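# Examination of the molecular architecture
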Amino acid sequence: QVQLVESGGGSVQAGGSLRLSCAASGRALGTYARAWFRQAPGKEREFVASISWRGVTTYYADSVKGRFTISRDNAKNTVYLQMDNLKPEDTAVYLCSVGRTSATSRRADDYNYWGQGTQVTVSS
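Residues numbered from 1 in each chain as written. Predicted model: local features only at pLDDT ≥ 70, side-chain atom pairs only at ≥ 80, totals over all residues. Heavy atoms only, no water.

A few words on the overall build of the protein. Tallying secondary structure elements over the protein gives zero helices and eleven strands in all. Beginning at the N terminus, the succession of helices and strands in the protein can be written as β-β-β-β-β-β-β-β-β-β-β. Relative to the compact-globule value of 14 Å for 124 residues, the protein shows a C-alpha radius of gyration of 13 Å, a close match. Here the protein holds 124 residues, and the buried ones make up 43% of them. Within the protein, contacts between residues separated by at least 24 positions form 59% of all contacts whose residues are at least 6 apart in sequence. For the protein, the computed accessible surface area is about 6300 Å², with 45% contributed by carbon and sulfur atoms. (Helix = DSSP H or I, 4+ residues; strand = E, 2+ residues; numbered from the N terminus. Rg over C-alpha atoms; globule rule 2.2 N^0.38 Å. Buried < 20%, exposed > 50% of the residue type's maximum accessible area, 1.4 Å probe, protein only. Contact = heavy atoms within 4.5 Å. Areas by Shrake-Rupley, 256 points an atom, 1.4 Å probe, with all protein chains shown as cover.)

Here the focus is the state of the cysteines. Enumeration according to the criterion identifies one disulfide in this entry. Disulfide pairing is shown between Cys22 and Cys96; the S-S distance is 1.8 Å. On the criterion of sequence distance, the pair formed by Cys22 in strand 3 (residues 18-25) and Cys96 in strand 9 (residues 92-99) is long-range, its members being 74 residues apart. Overall, Cys22 belongs to the buried group, its relative accessible area being 0%. (Disulfide = S-S within 2.5 Å.)

Moving on to the sheet that holds strand 8 (residues 78-83). As summarised here, the arrangement of the four strands in space is 1-3-8-7, forming an open sheet in which the pairing is antiparallel. Every interior strand has two partners, whereas the edge strands, strand 1 (3-7) and strand 7 (68-73), have only one. Averaged over all neighbouring strand pairs, the angle between strand axes comes to 15°, with direction disregarded. Direction of pairing for strand 3 relative to strand 8: antiparallel, over a ladder of six bridges. (Pairing = 2+ DSSP bridges. Axes fitted to C-alpha atoms, helices over the stretch in contact; angles between N-to-C directions.)

Here it is, written out as structure tokens:
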């Protein structure tokens, strides 16, 4: 069974950076789209970024464009989220996911495997 484990979260001051990683085990995921979502307390799950299986196509939420970068290393079965110029509103639990196909999307329904999440807290 596919298992996803996120890491790299933590507490940082506004303007700082964090790099999240999501390592997968149980199955090679190089042919599937990958994505990051986040969920803040009392809020709905929000799309952050996604990437197609070869990394050619990427999508970003408007709120993170220019600040976050999604990437993947299929040889390591890992997807990353580089977060720069963090803002307090970025505070949330970040979850990585695996797409049903190789094509990326912004819809949570298009992803069928999820990690447990890693907490990111940004203070002002």
